[in-house]
There are 2 protein chains.
Amino acid sequence: MSTLEATKVTEIQKVANRLVALCREGKNLDAINELYDDNIVSLEPKGSRHERTEGKAGVIANNQEMFQTVEQMFSTTISEPIIGGNFFSCVMEMDVKMKGMDRMNMSEICVYEVKNDKIVFEQFFFTMGN
Amino acid sequence: MSTLEATKVTEIQKVANRLVALCREGKNLDAINELYDDNIVSLEPKGSRHERTEGKAGVIANNQEMFQTVEQMFSTTISEPIIGGNFFSCVMEMDVKMKGMDRMNMSEICVYEVKNDKIVFEQFFFTMGN
C-alpha cells in the first residue's frame, strides 16, 4: 500500500471511529453537525419515509422526527466500523418502543462515504415493516 | 430478542460465513451458484460497467469477465461479515494487476441481503477510477 493510500485509510478510520463514538453516546445530532458535509446525500430503502434526502438540514430534520416518535429507548448497539476505500460500514441496533407500537428490535447495515474528512453519503439497509 | 429473530440472525450469519469462506478460497463462482437466488439484483456504483445486473446468469458473466481481465492476483483479503437484520456487509480487498494497468490495491464495501437462505441482493461501494 502506498503512503498516500495508508494516510487515506487512517483518515476514513478516524471519521468512522468518531461517528460510532458519538452515536454510542446518543449524540447523533452532534455527529451530523461535526462530520457531515453540507451536501450530504442520504438514502433509505425504497418505499421508506425518507428514500432520498439531500443536504445537512434535511438529514437533521429526519433524525429529529425519528427521535420524536421514540417513546422509550431501551438500548442501542453500534458495531465497530469496517473500512473499504473511501467507505465504511457498521451495524446499528435499537431495542426501542415507538409511540403507538410494540417494543421491538430494529437492526440495520449503514454505509458511509467520506471525502475530505466529511461524510458526503450515507445509505441504510433494513427490511421495511420488519 | 425473540426466538424467531435469533433464528433469523443465525441463518444470515451462516450464509455470510459461507460466502466469505468460499470467496477467501477464490471460489467466487461456486459461491454464486450455491448461495445466490435466481433473481439476484446486483448494483455497482453509478457509471460503472455493471451498474445494475438482474439474474444469476448475468452476475456469473460479470464475474467471469472481471477474472478474465486479471493478469496477476497477488492477494485478496475479505473481512469478517457484520450482520444487521436480513443484511450483512464485509470489506473485500485485492492487490491485483489487471491487463494493461499498473498493479493496484482495490477495496470495496459489499452489502448483501438474504431471503430464505439465499442472497437476493448485493451492492458494492467503491470510488470509480480509484
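Overview of the structure. It should be emphasised that the depicted structure is a prediction, and the values quoted were computed from it without experimental measurement. (Residues numbered from 1 in each chain as written. Chains lettered and ligands numbered in written order. Predicted model: local features only at pLDDT ≥ 70, side-chain atom pairs only at ≥ 80, totals over all residues. Heavy atoms only, no water.)

1. Quick word on the pattern of salt bridges
Residue and element names in this part refer to chain B.
- Across all of its chains, the model carries 14 salt bridges over all chains by this definition.
- Ionic pairing is found between E25 and K27, a salt bridge with its closest N-O pair at 2.9 Å.
- With relative accessibility at 37%, the residue K27 sits in the partly exposed group.
- Two residues, R49 and E65, come together in a salt bridge whose shortest N-O distance is 2.5 Å. A residue pair is termed long-range when its members are at least 10 positions apart, and R49 in the loop between β1 (36-43) and β2 (52-54) and E65 in helix α3 (residues 56-68) qualify at 16 residues. (Salt bridge = Lys/Arg side-chain N within 4 Å of Asp/Glu carboxyl O. Buried < 20%, exposed > 50% of the residue type's maximum accessible area, 1.4 Å probe, protein only. Helix = DSSP H or I, 4+ residues; strand = E, 2+ residues; numbered from the N terminus.)

2. Points about the packing of aromatic side chains
- Counted by the stated rule, this structure contains 9 aromatic pairs over all chains.
- Between Y112 of chain B and F124 of chain B, the aromatic rings sit 6.2 Å apart at their centres with planes inclined by 85°, giving edge-to-face as the arrangement. Here the residue Y112 of chain B occupies a position in strand β6 (residues 103-115), and F124 of chain B occupies one in strand β7 (residues 118-125), the gap between them amounting to 12 residues. For the residue pair Y112 of chain B and F124 of chain B, the accessibility class agrees, reading buried in each case.
- One aromatic cluster is present, built from ring pairs that chain together F87, F121 and F125 of chain A together with F87, F121 and F125 of chain B.
- Directly above the aromatic system of F74 of chain B lies the positively charged group of R103 of chain B, at a separation of 3.6 Å from the ring centroid. (Phe/Tyr/Trp six-rings, centres within 6.5 Å; stacked < 30°, edge-to-face > 60°. Lys NZ or Arg CZ within 6 Å of the ring centre and 35° of its normal.)

3. So, the interface of chain B and chain A
- If you look at the interface, chain B gives 26 residues, while chain A gives 26 residues.
- Where chain B abuts chain A, roughly 1900 Å² becomes buried across the two surfaces, and 59% of that area is made up of carbon and sulfur atoms.
- The largest contributions to the chain B side of the interface with chain A come from I82, I109 and F125 of chain B, which together make up 27% of the buried area.
- Along the contact surface separating chain B from chain A lie 0 salt bridges.
- Summed over the shared surface of chain B and chain A, the number is 5 residue pairs in polar contact (both at pLDDT 80 or more). (Contact = heavy atoms within 4.5 Å. Buried area = accessible area lost by both parts, 1.4 Å probe. Polar contact = N/O pair within 3.5 Å; in protein donor to acceptor, adjacent residues only side chain to side chain.)

4. Regarding the pairing of strand β7 (residues 118-125) of chain A
Residues and elements named next belong to chain A.
- The buried fraction of β7 amounts to 7 of the 8 residues, a majority that puts the element mostly inside the structure.
- Relative to β7, strand β1 (residues 36-43) runs parallel, the two being bridged by 4 bridges. By the bridge assignment, Y36 is partnered in β7 with I119.
- Bridge count for strand β6 (residues 103-115) against β7 is 7 bridges, and the pairing is antiparallel. Paired with V111 across the bridge in β7 is Q123. (Pairing = 2+ DSSP bridges.)

5. A short note on the side chain of S79 of chain A
- Along the polypeptide, S79 of chain A turns up in the loop between β3 (70-78) and β4 (82-84).
- Looking at S79 of chain A, its side chain comes within polar contact range of the main-chain nitrogen of V91 of chain A, at 2.9 Å.
- Residues contacting S79 of chain A, with those up to four places away along its chain left out, are V20, R24, C90 and V91 of chain A together with I82 of chain B.

6. Description of the packing of helix α2 (residues 28-35) of chain B against α3 of chain B
All names here are of chain B.
- Interaxial distance between α2 and α3 falls to 10 Å at its minimum, and their mutual angle equals 175°. Looking at the two axes, α2 sits roughly antiparallel to α3. Contacts between α2 and α3 involve N28, L29, I32 and N33 on the former and, on the latter, K56, V59, I60, N63, Q64 and F67.
- Across the contact of α2 with α3, the residue classes tally to 5 nonpolar, 4 polar and 1 charged. (Axes fitted to C-alpha atoms, helices over the stretch in contact; angles between N-to-C directions. Parallel < 35°, antiparallel > 145°, perpendicular 65-115°, else oblique. Nonpolar A, V, L, I, M, F, W, Y, C, P; charged D, E, K, R; others polar.)

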